[in-house]
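These are the residues of each chain, in order.
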There are 2 protein chains.
Amino acid sequence: MNQVIETLLNHRSVRSFTDETLTDEQIRLIVESAQRASTSSFIQAYSIIGVTDPEKKARLAEIAGNQQYVIDNGHFFVFCADLYRHELIGELREAEVNATLETDEKLLVAVIDVALASQNAVVAAESMGLGICYIGGIRNDMFAVKELLGLPERVLPLFGLAIGVPEHVEGQKPRLPLEHIYHENTYVADAEQLKQELDAYDATIHDYYAARGSNQRSDTWTGQMGRMLSKPTRLDVKDFLKTQGYSKQN
Amino acid sequence: MNQVIETLLNHRSVRSFTDETLTDEQIRLIVESAQRASTSSFIQAYSIIGVTDPEKKARLAEIAGNQQYVIDNGHFFVFCADLYRHELIGELREAEVNATLETDEKLLVAVIDVALASQNAVVAAESMGLGICYIGGIRNDMFAVKELLGLPERVLPLFGLAIGVPEHVEGQKPRLPLEHIYHENTYVADAEQLKQELDAYDATIHDYYAARGSNQRSDTWTGQMGRMLSKPTRLDVKDFLKTQGYSKQN
């Protein structure tokens, strides 16, 4: 197994960083790595905002549900799907682009584009010995994030990414068995078989939570998911998408 | 610069592979690497389908616009956003999960989840000397892909990924300048400034297309984007999302 795959397999989210800030060189390598990810038909439909202003970080932490590691980290990035420059291209080229930008297809394109870029950023950061944590919590109030960061239309702040020198590294949570998520030629949709696999995985996760070094608890994966999915959240995401000019197709 | 970042910065899509197939061990490492990516609140909202059946590969190539490298590669994966197992969890746990699964928020969660996983798969593959090409073209007919791969509701086949031993490696297309996509604290939305930056980038891309080893042409980035975005495509993606139980929130 090579060093790259070791880095990938060794991933765990880090939620506690030292106060060491990233160097400009580290930030540059992380962003350049992000930009090298594949991009759908060369569209490059994303922007990245580095947030260093303490007041803005504090506000983002508040939006994300008072997560201290949004404030205390080596650098904080906000990853945005971005078709704003493509709207400008419509003006530059006198091309009618808006109908295209507003399709659900282009929503998918932009969201996939920015996620591929961000994962390259993560891999780059971890290869330098840094830790990372994705912050989906900024979607608790995308309208507020838009206001805070001065985002124009066609820009969606999808998630934050805290990066820094790890102060504390937790264990790795076991993933679903490979056989459960990987299919060959045909999706195995047999509900009874899948439920049996989920039962077995529940036992694995139960043992993990019971045995881990800190924050031990009695829980299962399906229990955790069942509770989480019983409460619809972020119902204003739909409005925000339309406000920003996404998914407006009839 | 370390080996991992070198791998990331050296990326280019490969569209011509030898007939060498991936080993089971390579496939396992690629899928395990994918599974180690961060996942929103541990939701693990994706599945991966390896397609080896020649007839299915041929049909996927046809759907994707007759791309030969969908057929001729070392292994072909289809990456799917997947909340089907979460619907089963609703049954297992007697939890009302459907309203949550149908929010736009959960569409974003699942699409981001699978994209993070796929990019880890890509980095793992490239670290082993393999080449890759994302195949967004399977979204030309997601209904047909659903039928072909036997996908149940709550599963979205978002893109393919061809992996194999590169037969021919092309040059790297210059990306947008880092300063254009990376902002500090506030998004710089000044249209005139951005248009000037796009003009400069057009010159870079023009030179790249004029000078590259094969398939030389006279083009610019904004010209290419303007033409592409003038024609709305894949207008049935919206219907497909709803058919599969996504983005049905009022």
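Computed from a prediction, not measured in an experiment: that's the story for all the values here.

1. Points about the UniProt feature "domain: Nitroreductase" (unreviewed entry) in chain A
The UniProt feature table records "domain: Nitroreductase" (unreviewed entry) at residues 10-162 of chain A. Span residues 10-162 of chain A is 44% helix and 18% strand, its end C-alpha atoms 18 Å apart.

2. Section: the pairing of strand β1 (residues 46-51) of chain B
Extensive coverage of β1(B) is indicated by the burial of six of its six residues. Residues B:Tyr46, B:Ile48 and B:Gly50 of β1(B) are buried on one face, and the alternating residues B:Ser47, B:Ile49 and B:Val51, pointing to the opposite face, are buried as well. Across three bridges, the pairing between strand β5 (residues 182-184) of chain A and β1(B) is parallel. Each residue of the ladder has a partner; that of A:His183, found in β1(B), is B:Ile49. Pairing between β1(B) and strand β2 (residues 75-82) of chain B: six bridges, direction antiparallel. Its bridge partner being in β2(B), B:Ser47 is matched across the sheet by B:Cys80.

3. Thoughts on the sheet that holds strand β4 (residues 155-164) of chain A
In spatial order, the strands read β3(A)-β4(A)-β2(A)-β1(A)-β5(B); together these five strands make up an open sheet with mixed pairing. Strands at the two margins of the open sheet, each flanked by one partner only, are β3 (131-135) of chain A together with β5 (182-184) of chain B. When the angles between neighbouring strand axes are averaged without regard to direction, this sheet yields 25°.

Definitions and limits used
All residue numbers here refer to positions counted from 1 along the written sequence of the relevant chain. All chains are assigned letters beginning at A, and all ligands numbers beginning at 1, according to the order in which they are written. Residue-level local features of this predicted model are given only where pLDDT is at least 70; pairs of side-chain atoms are given and counted only at 80 or more, and the full residue set underlies all totals for whole chains, interfaces and linings. Just so you know, side-chain values use all the structure's heavy atoms and leave hydrogens and water out. UniProt positions are given in the numbering used here, feature names are shortened, and annotations may be inferred rather than shown by experiment. The helix count covers DSSP runs of H or I at least four residues long, the strand count covers runs of E at least two residues long, and both are numbered beginning at the N terminus. Burial status follows relative accessibility: with a 1.4 Å probe on protein chains alone, a residue under 20% of its type maximum counts as buried, one over 50% as exposed, and anything between as partly exposed. Strand pairing requires that DSSP identify at least two bridges connecting the strands. Working convention: axes come from line fits to C-alpha atoms, limited for helices to the stretch in contact. Angles between N-to-C directions cover 0 to 180 degrees.

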